[in-house]
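# Chain and residue survey
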Amino acid sequence: MTVPSGFRVELVAAEPEVRQPVAIDFDDRGRLWVMQYLQYPNPAGLKRVKVDRYSRTVYDRVPEPPPRGPKGDDRLTILEPDAAHPGRLKAKDFVSGLNLASGFAFGHGGVFVLQAPYLLFYADRDRDDVPDGDPDVCLRGFGMEDAHSVANSLTWGPDGWLYGCQGSTVTANIRGIEFQQGVWRYHPLTRKFELFCEGGGNSWGLDFDRHGELLYSTNVGGYTMLHGVQGGYYWKSFGKHGALHNPHAYGYFDHVPHEHFVGGHVTVGGIVYLGDNFPARFRDRYIAADLLGHAVRWHEITPAGSSFRSRHGGDLLLANDTWFAPSDVCLGPDGCVYVADWHDARTAHPDPDAEWDRSNGRVYRIAYGDPRPISGLDLSRRSSAELVRLLLHPNEWYARTARRILADRRDPEVNLPLRTLVREAAADEPALQALWTLYVSGGFTEAFGRELLSHRSAHVRRCTVRLLGDDGRLEPATARELKRLAEQDSSPVVRGQLACTARRLPAADALPVIRALICRDMDANDPHIPLLLWWAVERHALAARTDVTAMFCDSGVSRSGLSRTVLKPRLTRRYAAEGAATADESCAALLGSRMIDDERERVWEALELGLRDRPGIAMRAPAILEALRAQALSSPDHSTLSRLMARLGDAAARGRLLVSAKDSRRPPAARVAAIEALGDLPATAPASDLLALATGDEPEAVRIAALAAWARYGTEAQAGELVAAYPRLPTSVKARGRSVLFSRKAWAGLLLRAVDAGRVPVNDISAEELFTVAAHADRDLDALMRKHWGNVRGATPEERLAEVRRLNNDLRGGTGDLKAGKALYTKHCATCHRLHGEGGAVGPDLTHANRGDRDFLLISLVDPSSVIRKEYVTHIADTADGRVVTGVISAQTATTVTLIDAKAQVTTLNRADLTSLRESTVSLMPEGLLKPLKPQELRDLFAYLQAPTIKP
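Criteria and thresholds
Residues numbered from 1 in each chain as written. Predicted model: local features only at pLDDT ≥ 70, side-chain atom pairs only at ≥ 80, totals over all residues. Heavy atoms only, no water. Helix = DSSP H or I, 4+ residues; strand = E, 2+ residues; numbered from the N terminus. Rg over C-alpha atoms; globule rule 2.2 N^0.38 Å. Buried < 20%, exposed > 50% of the residue type's maximum accessible area, 1.4 Å probe, protein only. Contact = heavy atoms within 4.5 Å. Areas by Shrake-Rupley, 256 points an atom, 1.4 Å probe, with all protein chains shown as cover. Lys, Arg positive; Asp, Glu negative; His and termini not counted. Charge placed at Lys NZ, Arg CZ, Asp CG, Glu CD. Disulfide = S-S within 2.5 Å. Salt bridge = Lys/Arg side-chain N within 4 Å of Asp/Glu carboxyl O. Pairing = 2+ DSSP bridges. Axes fitted to C-alpha atoms, helices over the stretch in contact; angles between N-to-C directions. Expected span 1.5 Å × (residues − 1). Core = buried A, V, L, I, M, F, W, Y, C linked by side-chain atoms within 4.5 Å. Phe/Tyr/Trp six-rings, centres within 6.5 Å; stacked < 30°, edge-to-face > 60°. Lys NZ or Arg CZ within 6 Å of the ring centre and 35° of its normal. Bend = angle between axes of the 7 residues up to and from the residue. Polar contact = N/O pair within 3.5 Å; in protein donor to acceptor, adjacent residues only side chain to side chain. Parallel < 35°, antiparallel > 145°, perpendicular 65-115°, else oblique. Left-handed = near helix turned anticlockwise from the far one by under 90°. Nonpolar A, V, L, I, M, F, W, Y, C, P; charged D, E, K, R; others polar.

## Description of the overall build of the protein chain
Looking only at helices and strands, the protein chain features 31 helices and 35 strands. Computed over C-alpha atoms, the radius of gyration of the protein chain comes to 31 Å, within 12% of the 30 Å expected from 2.2 N^0.38 for 952 residues, which places it in the range of a compact globule. Counting all 952 residues of the protein chain, 59% fall into the buried class. Considering only intrachain contacts with a sequence separation of at least 6, the fraction spanning at least 24 residues in the protein chain is 64%. Of the roughly 37,300 Å² of accessible surface on the protein chain, a fraction of 51% belongs to carbon and sulfur atoms. Positive and negative side-chain charges of the protein chain, numbering 118 and 119 respectively, have mean locations separated by a distance of 3 Å.

If you want it as structure tokens, here you go:
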């Protein structure tokens, strides 16, 4: 192993005592505990009913909790020094027979254990390392469909809640709260459960920085973490996992922006280093395991408004061993970093029936210099006063452990010294440690919280706002103080938390805070606050509709840039989407409120989105239509107004829309917008006019848009006209025309018969287009395809193997040229794939893919359907009017699904129009991409694909 100068790695534990470690942590006696995930990947005692392509498994039943449920091989093991053998550890199980147990946490006189679908609590109040009895079931309903994504990473928050992640391919339903991905929390005293924030991918690992900000890990290449804020919505793979559960979120946060990404795309077990063994330059750095890069890396974190930015700092441990698979990282009482090593040759998801090597596992310690030895440690025996002093220890492990023990004791004797420390501490950290400990010990009062809203530390003020708002109710004096803070506070971290808290409070307390933040207009460019404010507004938009509408019609709010650019457009969309007369009245009031020209355009565009979100396609909204007619008096020729009015049934506006679409003097973009609006109208849209635009002498963008709109309403006779016009169409219009014609069975027959008659070249039609035809399952169409293209299902396994061998021989024949390879990549791959920051996003970003493995890359290109990344599975949409549309799902809302095909052509479908949406086993990427390449071109392309960096 390679570590920086001055560091060393020591083996702490290994097989047979430790195997398949998935979580590690130290108890208050300084003993290392390890969760051994030996039952992975299949739970014991259950039968698989079905498994989908996302590895989601349906089982025959929900198992009962231990000890009544099936006994598995997982175990929670304690490692402590072996007095009989100095320098060695002895292992004993605290509990065994667990069944897919993925995390644990100490506290409240026992150990919390995550075993999907349960959060369990094993009491051990006599501290003899034997559970006092059967576990208490704290929560039930965590998803268990995929052992790679189950709930994980139990971690105490500084507020006394137990936090955890849940990954990507499982669905939880806990007390009526359903979610797939995100961070959740549970309070062991009140037994409350919340989804803290939603989204983030397959996260495995979370921690809190010295100010109590939550950071959680990611499996998305190019990033290392997400900054989890209360009530936030985060990136998801929307095609794979569906829309956010709030259809009116109208946005989400992405990962913390990261510079100079290095390694594999899976970051796990990240911690913010707050120990006292490493050099000072490592304090506050994010240290995380790089599972696929076989390394542990550290990253710098810098504030950016109310959030952060990050950059790669360096490598803390390079294993130089592909079996090293770090699964968790923790801080020890000695200030060193401990790393769990799953230790296996396999890092990819296995077939559920694959043979799995469960014989290996390691735990390592990364130390700087010679750490002070720790012995005889038992913080639970310390007095409360001693534990309060430990809050100031330079190793955060002591402060967190002391706080956890004091949370168990709830000793009133600590309240006074803690209040004094909060008031008098000169630095942020001791004041925050005292505040958090006061809160978990039961000594925090609302009156004291009001006092702290004037504290000199912005982070104390932020945390106080959070703690005061957690219960969702305030005394009037406290509500007034929050309003004052919103009007005056200079810190974006405080204003960000005020926005989060306003979402949790009653409207009477929340709206004055929201208004003050909007009117100050300081945070339009903040990475979080604009959307946090929107989510707070949206929470109250219907329940306090009259007050919210009046606030946004008020001239003070209307002057705010935040209102003009972010909030009022979204609120207009929200009311339009509701489809109720009262919401329409609010929408009309917003349309009639004071707006400057650029704001009016944004509000109109948002209104159009809201009308598309509205239940059903046909709609009546007389209040909105009258407001638009009033505005049309001053802008009678405005295309956006015409689109909106036509959508709402205004016949004159529909006529103006068609005139705009056909007017060659207008910019192509304006004509395209008019055509797209016509395509969204009910079936009286002028199909013949759209076809005339598509086949006439028009800009290509106009012709392509006309084809897409015509696809909904065209007749078979008109399809015949399109086939007849096909030879004289430009290449890009031909491609869109084929896509449209193949979407309906009868139209596909017209085009294939034209091929059969020699009027359309056979080579114009690609393999991926034929898959759409095959989806119609028509005997005559299948016969025509076999006649001209053979078996459209692709080559046999033997033929693919022969092709891989042939291409491998060509690759070995010489070296490639990067510049020539880049040109080939641009021609053949860049429409769908991104590499080194260039290209499209239809398929996976190749920058952080396994490009170094030439065999893997070659097989992926020769047989693209062999392994399809879950978020890039092709879907086949069948519509009620007989169309078939194929592509990767690029976006979903409550009312629409957007598909993008291999030519990057986008089609948005209303869910109400769909009869089915099914997965295809065939990749969107066609086979045979490499066949036309000469041997040197193949070498050039692979040189570019496999280059770690591109030289200028």
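Picking up after the structure, the text goes on.
## With respect to the state of the cysteines
Within this structure, the stated rule accounts for zero disulfides. Cysteine Cys165 remains unbridged, with the sulfur of Cys197 as its closest cysteine sulfur at 8.3 Å. Look at Cys165 and you get buried, because its relative accessible area is 0%. This cysteine, Cys500, is not joined by any disulfide, and Cys197 carries the nearest cysteine sulfur, 10 Å off. Take Cys500: its relative accessible area is 6%, and that puts it in the buried class.

## Notes on the pattern of salt bridges
If you walk through the whole model with that rule in mind, you get 58 salt bridges. Between Glu198 and Lys236 there is a salt bridge, and its shortest N-O distance comes to 3.6 Å. You can see Glu198 sitting in strand 17 (residues 193–198) and its partner Lys236 sitting in the loop between strand 20 (226–228) and helix 1 (238–241), a full 38 residues away along the chain. Like Lys236, Glu198 is buried.

## What about the sheet that holds strand 3 (residues 32–36)?
Pairing in this open sheet of four strands is antiparallel, and the strands run 2-3-6-7 from one edge to the other. Only two strands of the sheet have a single partner each, and these edge strands are strand 2 (21–26) and strand 7 (89–98). Taking each pair of neighbouring strands and ignoring which way they run, the sheet shows an average axis angle of 20°. Bridging between strand 6 (residues 74–81) and strand 7 involves seven bridges; their strand directions are antiparallel. Along strand 7, the bridge assignment pairs Pro81 with Leu89.

## A word on helix 5 (residues 428–440)
The end-to-end C-alpha distance of helix 5, which contains 13 residues, comes to 18 Å, matching closely the 18 Å that a straight helix rising 1.5 Å per residue would cover. Among the 13 residues in helix 5, 10 count as buried, and that is most of the element. Taken together, the buried positions of helix 5 are Ala431, Leu432, Gln433, Ala434, Leu435, Trp436, Thr437, Leu438, Tyr439 and Val440. Just beyond helix 5, the residue with positive phi is Gly442, at close to 90°.

## What to know about the nonpolar core
Formed by 227 residues in total, the largest nonpolar core has its most connected members in Ile287, Ile514, Phe552 and Leu628. Those residues within four positions of Leu628 in sequence are excluded, and the remaining contacts are Leu591, Trp604, Leu607, Leu641, Leu644, Met645 and Leu648.

## So, the packing of aromatic side chains
Within the structure shown, the criterion is met by 31 aromatic pairs. Taking 5.4 Å as the distance between ring centres and 75° as the angle between the ring planes, the aromatic pair formed by Tyr163 and Phe196 counts as edge-to-face. Pair noted here: Tyr163 is in strand 13 (residues 162–166) and Phe196 is in strand 17, with a separation of 33 residues, a long-range link. Residue Tyr163 is classed as buried on the basis of its relative accessible area, which comes to 0%. Take Phe196: its relative accessible area is 3%, and that puts it in the buried class. A centroid spacing of 4.5 Å and a plane angle of 15° characterise the contact between Tyr273 and Phe278, whose relative ring orientation is stacked. You'll find Tyr273 and Phe278 in the same group, each marked buried. Linked through ring pairs, Phe7, Tyr273, Phe278, Phe282, Trp298 and Tyr368 together constitute an aromatic cluster. The residue whose ring lies beneath Arg185 is Trp161, and the NZ or CZ to ring-centre distance is 3.8 Å.

## Notes on helix 14 (residues 561–578)
The end-to-end C-alpha distance of helix 14 is 25 Å, a good match for the 26 Å that 18 residues give at a rise of 1.5 Å each. Along helix 14, the helix axis deviates most sharply at Leu567, where the bend reaches about 40°; the proline Pro569 sits within four residues downstream. The element helix 14 is extensively covered by neighbouring structure, given that 14 of its 18 residues are classed as buried. Put simply, Ser560 is the residue that caps the front of helix 14, since its side-chain oxygen is 3.1 Å from the backbone nitrogen of Leu562. Note on helix 14: the residue one or two positions beyond its end, Gly579, has a positive phi of about 75°.

## Comments concerning the sheet that holds strand 20
Pairing is antiparallel in the open sheet, where three strands are placed in the order 18-19-20. Edge strands, defined here as strands with exactly one partner in the open sheet, are strand 18 (206–208) and strand 20. Averaged over neighbouring strand pairs, the angle between their axes works out to 30° when direction is ignored. By the bridge criterion, three bridges tie strand 19 (residues 214–216) to strand 20 in an arrangement that is antiparallel. Looking at the pairing, Leu214 lines up with Gly228 of strand 20.

## Let's talk about the environment of Gly369
Mapping Gly369 onto the fold places it in the loop between strand 28 (362–368) and helix 2 (384–390). Between the C-alpha atom of Gly369 and that of Gly442, which follows or precedes it by 73 residues, the distance is 41 Å. Leave out the neighbours within four places in its chain, and Gly369 touches Gly6 and Arg8.

## Notes on the side chain of His108
One can find His108 in the loop between strand 8 (101–106) and strand 9 (110–115). The class for His108 is buried, based on a relative accessible area of 18%. Not counting residues up to four positions away in its chain, the partners in contact with His108 are Phe121, Arg125, Trp156, Pro188, Leu189, Ala407 and Asp408.

## Description of the environment of Val493
With respect to the helices and strands, the residue Val493 is situated in helix 9 (residues 492–502). Judged by its relative accessible area of 13%, Val493 falls in the buried class. Separated by 31 residues in sequence, Val493 and Arg462 have C-alpha atoms that sit 6.4 Å apart. When sequence neighbours within four positions are dropped, the list of residues in contact with Val493 reads Gly305, Ser306, Ala458, His459 and Arg462.

## With respect to the packing of helix 9 against helix 11 (residues 529–540)
Their axes nearest at 8 Å, the elements helix 9 and helix 11 cross at an angle of 20°. Looking at the two axes, helix 9 sits roughly parallel to helix 11. You can see that helix 9 and helix 11 cross each other, and the crossing is left-handed. Contacts between helix 9 and helix 11 involve Pro492, Arg495, Gly496, Ala499, Cys500 and Ala502 from the former and Ile529, Leu532, Leu533, Ala536 and His540 from the latter. Residues that form the contact of helix 9 with helix 11 fall into these classes: eight nonpolar, two polar and one charged.

## A closer look at unusual backbone geometry
The omega torsion across Tyr40 and Pro41 is 5°, close enough to zero to call that bond cis. Here Pro41 shows up in the loop between strand 3 and strand 4 (48–51). Unusually for a residue other than glycine, Arg127 sits at a positive phi of about 55°. With respect to the secondary-structure elements, Arg127 resides in the loop between strand 10 (118–123) and strand 11 (136–140). Despite not being glycine, Asp521 shows a phi value in the positive range, around 55°. The exposure class of Asp521 is partly exposed, given its relative accessible area of 31%.

## Considering the pairing of strand 24 (residues 295–304)
For strand 24, a buried count of seven out of 10 residues is recorded, marking the element as mostly surrounded by other parts of the structure. Summarising the sheet, strand 23 (residues 286–290) and strand 24 pair through five bridges and their orientation is antiparallel. In the sheet register, Tyr286 faces strand 24, and the bridge partner there is His299. Between the antiparallel neighbours strand 23 and strand 24 lie four residues, among them His294 with a positive phi of about 55°. As paired elements, strand 24 and strand 25 (residues 307–318) share 10 bridges and run antiparallel to each other. Within the sheet, the bridge partner assigned to Ile301 lies in strand 25 and is Ser310.

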